[in-house]
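The lines below spell out each chain.
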Amino acid sequence: MQPNLSVTIGKLKLKNPILVASGTFGYGEEFKDFLDLSKLGAIVTKTITLNPRQGNPAPRTCETPAGMLNSIGLENPGLEAFIAEKLPILKKIDVPIIISIASLDNPEEFIAVARHLDKVKEVQALELNISCPNIQHTRLISQDPKSTYNLVSRVRKVTRKTLITKLSPNVTDITEIAKAAQAAGSDAVSLINTLTGMSIDTETKRPKIATLTAGLSGPAIRPLAVRMVWEVYQKIKIPIIGMGGIMDTSSALEFFIVGATAISVGTANFINPKVTVEIIDGLKKYLLRNKINSIYKLIGSLECKK
Ligand SMILES: Cc1cc2nc3c(=O)[nH]c(=O)nc-3n(C[C@H](O)[C@H](O)[C@H](O)COP(=O)(O)O)c2cc1C
């Protein structure tokens, strides 16, 4: 018998728990020649904002040992063009769509975008990106429990869609922020966004990224992400979508074992665009081999008794 891979996140029923991470899969269409998109658990789109954004100046990415730095700076066509140009294509894919939304410095924009998308029936869920490290802020919303609570509760009031809050690892205690998101009515949390880093060209003594600092992703951050998912799992009741350096089935399994209900694949899509379907197959095989009939039996199954 095939193991049951389906999971529930808020009102969202997913046939499997393998998602793609915001910003690493465009608006879905870019990957359609590489894999059958309908096999995915859900697609999380590149973050959109109320108004179009050109993003940060180049260079915006560079490779690092076991990962990459990026400072895209939320380049996107804006809400109106997203609805006119991207959504019609996304709608044709038989897969739940999670729209990642953000604002630069104005919470009213978050509310406006969420209120608008609440009326769009093809949108199943919203992910609040309150953790992008690549915009010129003194402090991110997700670096303060009070600001997180205020923003999430305001968005909660304007939408009945499943609400996911995306957390930043650039904090001392991520569980405080997760608890604030839960208390404010978030249906789930996703973690982690990228870690702020820097890389220098030693010949020119210039930073490799125009904005000096940028977000680190890829396998380098996986142990940190796994640790944070484990910490959050022990403190909240809502589901966790885990991500950070997932490259294959084995790394995805780590996240389920420490308590993630679903996982998102980011940087690995650039290396192997088929990686998500390989992980879905690998997960099925692992569950069969270990005689586990439901993914829920794997979630939080960490053995830590001495
Ligand atoms: C090029 C690039 C662009 C990204 N853009 C976004 C974005 O628009 N919104 C967002 O919430 N996260 C964005 N992220 C962060 C990823 O969604 C993810 O949280 C992070 O990269 C960790 O996962 P990974 O190590 O599997 O890439 C971006 C990451 C990369 C590498």
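Not measured: the values here are computed from a predicted model.

A.B. asks: Can you help me understand the overall build of the chain in this one?
C.D. replies: In terms of regular secondary structure, the chain is built from 8 helices and 16 strands. Against the 2.2 N^0.38 benchmark of 19 Å for 306 residues, the chain shows a C-alpha radius of gyration of 18 Å, consistent with a compact globule. The principal-axis extents of the C-alpha atoms in the chain amount to approximately 55 × 50 × 40 Å. Within the chain, the fraction of its 306 residues that count as buried is 57%. Counting only contacts in the chain whose residues sit at least 6 apart along the sequence, the fraction spanning at least 24 positions is 71%. Looking at the chain as shown, the accessible area adds up to about 13900 Å², and 52% of this sits on carbon and sulfur atoms. Taking the average location of the 38 positive side-chain charges in the chain and that of its 27 negative ones, the two points are 6 Å from each other.

A.B. asks: Explanation requested: the sheet that holds strand β6 (residues 67–70) in the structure shown.
C.D. replies: With antiparallel pairing, the 4 strands of this open sheet are ordered in space as β5-β6-β14-β11. The sheet is open, and its two edges are formed by β5 (61–64) and β11 (195–197), each paired on a single side. When the angles between neighbouring strand axes are averaged without regard to direction, this sheet yields 35 degrees. As defined by bridge partners, β5 adjoins β6 across 4 bridges and the pair is classed as antiparallel. Directly across from Thr64, in β6, lies its bridge partner Gly67.

A.B. asks: Any chance you could explain the packing of aromatic side chains here in plain terms?
C.D. replies: Applying the stated rule across the entire model yields 4 aromatic pairs. Arranged with centres 5.7 Å apart and planes meeting at 50 degrees, the rings of Tyr27 and Phe82 form a pair that is tilted. One end of the pair, Tyr27, is in the loop between β3 (18–20) and β4 (42–44); the other, Phe82, is in helix α1 (residues 79–91), with 55 residues separating them in the sequence. Pair check on accessibility: Tyr27 and Phe82 agree, each one buried.

A.B. asks: Help me out: how do you make sense of the pairing of strand β16 (residues 262–265) in this one?
C.D. replies: For a regular strand, side-chain orientation follows a simple rule: the groups alternate between the two sheet faces. Both faces of β16 are covered, namely the face carrying Ala262 and Ser264 and the face carrying Ile263 and Val265. Relative to β16, β3 runs parallel, the two sharing 3 bridges. The residue of β16 that forms the bridge with Leu19 is Ser264. Of the strand pairs in this sheet, strand β15 (residues 240–242) and β16 are connected by 2 bridges, and their pairing is parallel. Paired with Ile241 across the bridge in β16 is Ala262.

A.B. asks: In this structure, what is going on with the side chain of Lys161? I would like to understand it.
C.D. replies: Inspection of the secondary structure puts Lys161 in the loop between α3 (145–158) and β9 (162–166). Within the buried set, Lys161 has no salt-bridge partner at all; the shortest N-O distance to an opposite charge, 5.2 Å, is to Asp118. A distance of 2.8 Å separates the side chain of Lys161 from the backbone oxygen of Val120, its partner in a polar contact. A polar contact of 2.8 Å, which involves the side chain of Lys161, links it to the backbone oxygen of Val123. In this structure Lys161 touches Leu117, Asp118, Val120, Lys121, Val123, Gln124, Ala125, Arg156 and Asp187, once residues within four positions along its chain are discounted.

A.B. asks: Help me understand the pattern of salt bridges in this model?
C.D. replies: For the structure shown, the criterion picks out 9 salt bridges. Notably, a salt bridge pairs Lys91 with Glu122, separated by 3.7 Å at the nearest N-O pair. Placement of Lys91 in helix α1 and of Glu122 in the loop between α2 (107–118) and β8 (125–129) is noted, with a sequence separation of 31 residues between them. Of the residues examined, Glu122 reaches a relative accessible area of 21% and is grouped as partly exposed. Ionic pairing is found between Asp118 and Arg160, a salt bridge with its closest N-O pair at 2.9 Å.

A.B. asks: Which parts of the structure should I look at to understand the pairing of β6?
C.D. replies: Burial of the side chains of β6 extends over both faces: Gly67 and Leu69 are buried on one face and Met68 and Asn70 on the other. Here β5 hands over to β6 after 2 residues, with Ala66 in that stretch at a positive phi of 60 degrees. Pairing geometry for β6 and strand β14 (residues 214–217), over 3 bridges, is antiparallel. Note that in β14 the partner of Asn70 across the bridge is Gly215.

Criteria and thresholds
Residues numbered from 1 in each chain as written. Predicted model: local features only at pLDDT ≥ 70, side-chain atom pairs only at ≥ 80, totals over all residues. Heavy atoms only, no water. Helix = DSSP H or I, 4+ residues; strand = E, 2+ residues; numbered from the N terminus. Rg over C-alpha atoms; globule rule 2.2 N^0.38 Å. Buried < 20%, exposed > 50% of the residue type's maximum accessible area, 1.4 Å probe, protein only. Contact = heavy atoms within 4.5 Å. Areas by Shrake-Rupley, 256 points an atom, 1.4 Å probe, with all protein chains shown as cover. Lys, Arg positive; Asp, Glu negative; His and termini not counted. Charge placed at Lys NZ, Arg CZ, Asp CG, Glu CD. Pairing = 2+ DSSP bridges. Axes fitted to C-alpha atoms, helices over the stretch in contact; angles between N-to-C directions. Phe/Tyr/Trp six-rings, centres within 6.5 Å; stacked < 30°, edge-to-face > 60°. Salt bridge = Lys/Arg side-chain N within 4 Å of Asp/Glu carboxyl O. Polar contact = N/O pair within 3.5 Å; in protein donor to acceptor, adjacent residues only side chain to side chain.

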